[in-house]
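Chain by chain, the residues run as shown.
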Amino acid sequence: MSSNINTISKIDGGRRLRDKTLMDLQSKQLKQIPVMYEKEWHYDFKCNNNFLRDIYGSPMNRVRGSFLCNNNAIASLQYGPKKVGGDFDCSFNKLKSLEYGPTTVGRNYICSNNQISSLIGMPQQINGCFIVSNNDLQTLQYCGDFIGGDFFATFNFLKNLQYSPTKIGGNFNASNNELVSLEGCPQIIGGNFFINNNSELFEDKYFPAFIGANIFARNTKMDKEQILRLIKLNNTHLCGQIF
């Protein structure tokens, strides 16, 4: 925990805060958040592009706008907000899980380029996109049930898709993993389904029930004919083509 932080009281979620420098903390070469913010914040909270190791001092209850703490050296989401009305971006840090993160995110949740090996702490529903690429995931356990936008889980170490959301509103990209099976894949994918560059992925019995656009399965052990058999076996409604 950071120490020696001045406390700002009665700022009423930012509406009475006159010092504009305290409303935008991005790219200030900060090693700690310089003041203790109120629990309710009515604007965006930006502390990205610094040298922070924690987010102690940030609004702990609710941020009505976006919360940006990306590009730091943060190892834990402790002391951060529980509700974020806009985007939540904690990418390019040193996180190993999403524990203590927000339980509600109004738009996109971006946590790519960390060291995340567990999705514990992820919200059950995300209205926008969930981006967890370039991490250390071997399983999607604790993944939320619904993602309204895109779900990108590329460049991890997934062997299968168990614990995937039942429904993804946009694209689902599980390329560049170590998939050998599509077991546990979502039933509904509103956009494209990407499983490229999983060189050991072979035909089995698992496949989504609905794909709203195309399938991309380059550099796998499944050719077009095998995918067509899977589509027939699962009575999949494919709206696009196979690439």
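Sequence order as written defines the numbering, with residues in each chain counted from 1. Local features in this predicted model are restricted to residues whose pLDDT is 70 or higher, and side-chain atom pairs enter the listing and the counts only when it is 80 or higher, whereas totals over whole chains, interfaces and linings include all residues. Each side-chain value is derived from all of the structure's non-hydrogen atoms; neither hydrogens nor water enter the calculation.

1. Brief notes about the overall build of the chain
Operational definition: Strands are runs of DSSP state E lasting at least two residues, helices are runs of H or I lasting at least four, and both sets are numbered from the N terminus onward. The contact criterion used is simple: two residues touch if any of their non-hydrogen atoms lie within 4.5 Å. Computed with a 1.4 Å probe, the accessible areas rest on the Shrake-Rupley method; for each residue, only the protein chains presented here act as cover. Counted as positive: Lys and Arg. Counted as negative: Asp and Glu. His and the chain ends are not counted at all. Every charge is mapped to an atom, namely NZ of Lys, CZ of Arg, CG of Asp or CD of Glu.
Tallying secondary structure elements over the chain gives one helix and 21 strands in all. Once local pairs closer than 6 in sequence are excluded, the contacts in the chain between residues at least 24 apart make up 18%. Per element, the accessible surface of the chain, about 11,500 Å² overall, is 46% carbon and sulfur. Side-chain charges in the chain split into 25 positive and 20 negative, and the spacing between the mean points of these groups amounts to 7 Å.

2. Observations regarding the sheet that holds strand β18 (residues 193–194)
To summarise the sheet geometry, strands pair through backbone hydrogen bonds and adopt either a parallel or an antiparallel arrangement. Short version of the rule: Strands pair, by our definition, only if DSSP identifies at least two bridges between them.
Strand order across the open sheet formed by nine strands is β4-β6-β8-β10-β12-β14-β16-β18-β20, with parallel pairing between neighbours. A strand with exactly one partner marks an edge of an open sheet, and here the two such strands are β4 (45–46) and β20 (215–216). Where β18 meets β20, two bridges bridge the pair, whose relative direction is parallel. Bridged to F194 within β20 is F216.

3. Here's the deal with helix α1 (residues 224–234)
Keep this limit in mind: The cut-offs for exposure are 20% and 50% of the maximum accessible area for each residue type, with area from a 1.4 Å probe on protein chains only; residues under the lower value are buried, those over the upper are exposed, and the others partly exposed. Arc definition: it is the arc formed by the directions from the helix axis to the C-beta atoms. Think of a polar contact as two N or O atoms within 3.5 Å of one another; within protein, one of them needs to be a possible hydrogen donor and the other a possible acceptor, and neighboring residues in sequence only count if both atoms come from side chains.
Residues Q226, I227, L230 and I231 constitute the buried set of α1. Buried positions in α1, seen along its axis, are confined to an arc of 145° and lie on one side of it. Residues of α1 that are exposed and angled more than 90 degrees away from the buried face: K232 and L233. Packed against the buried residues of α1 are β20 and β21 (237–238). N-cap assignment for α1: the residue whose side-chain oxygen lies 3.2 Å from the backbone N of E225 is D223. Following α1 by one or two positions, N235 has its phi on the positive side, about 55°.

4. Observations regarding the packing of aromatic side chains
The following threshold applies: Pairing of aromatic rings covers Phe, Tyr and Trp, the last counted by its six-membered ring, and requires centre-to-centre distances within 6.5 Å; plane angles under 30 degrees mean stacked, over 60 mean edge-to-face, and any other angle means tilted.
Per the stated rule, a full pass over the model turns up 15 aromatic pairs. A centroid spacing of 6.3 Å and a plane angle of 65° characterise the contact between F193 and F207, whose relative ring orientation is edge-to-face. A residue pair is termed long-range when its members are at least 10 positions apart, and F193 in strand β18 and F207 in the loop between β18 and β19 (210–211) qualify at 14 residues. As far as burial versus exposure is concerned, F193 and F207 are alike and both buried. With centroids separated by 4.7 Å and ring planes inclined at 10°, the aromatic side chains of F194 and F216 adopt a geometry described as stacked. With F194 in strand β18 and F216 in strand β20, this residue pair connects regions lying 22 residues apart in the sequence. Judged on exposure class, the residue F194 and its partner F216 are both buried. Grouping aromatic residues by their ring pairs yields a cluster made of Y37, W41, Y43, F45, F67, F88, Y109, F130, F151, F172, F193 and F207.

5. Points about the pattern of salt bridges
Going by this rule: When a carboxyl oxygen of Asp or Glu lies within 4 Å of a side-chain nitrogen of Lys or Arg, that pair is called a salt bridge.
Tallying each qualifying case throughout the model produces four salt bridges. Here R107 makes a salt bridge to D87, at a shortest N to O gap of 3.3 Å. A residue pair is termed long-range when its members are at least 10 positions apart, and R107 in the loop between β9 (104–105) and β10 (109–110) and D87 in the loop between β7 (83–84) and β8 (88–89) qualify at 20 residues. Where E203 meets R229, a salt bridge forms, and the shortest distance between an N and an O atom there is 3.1 Å. Remark: R229 occurs in helix α1 and E203 occurs in the loop between β18 and β19; sequence separation between them is 26 residues. Residue R229 is classed as partly exposed on the basis of its relative accessible area, which comes to 46%.

The values reported here are purely geometric and, on their own, carry no functional implication.
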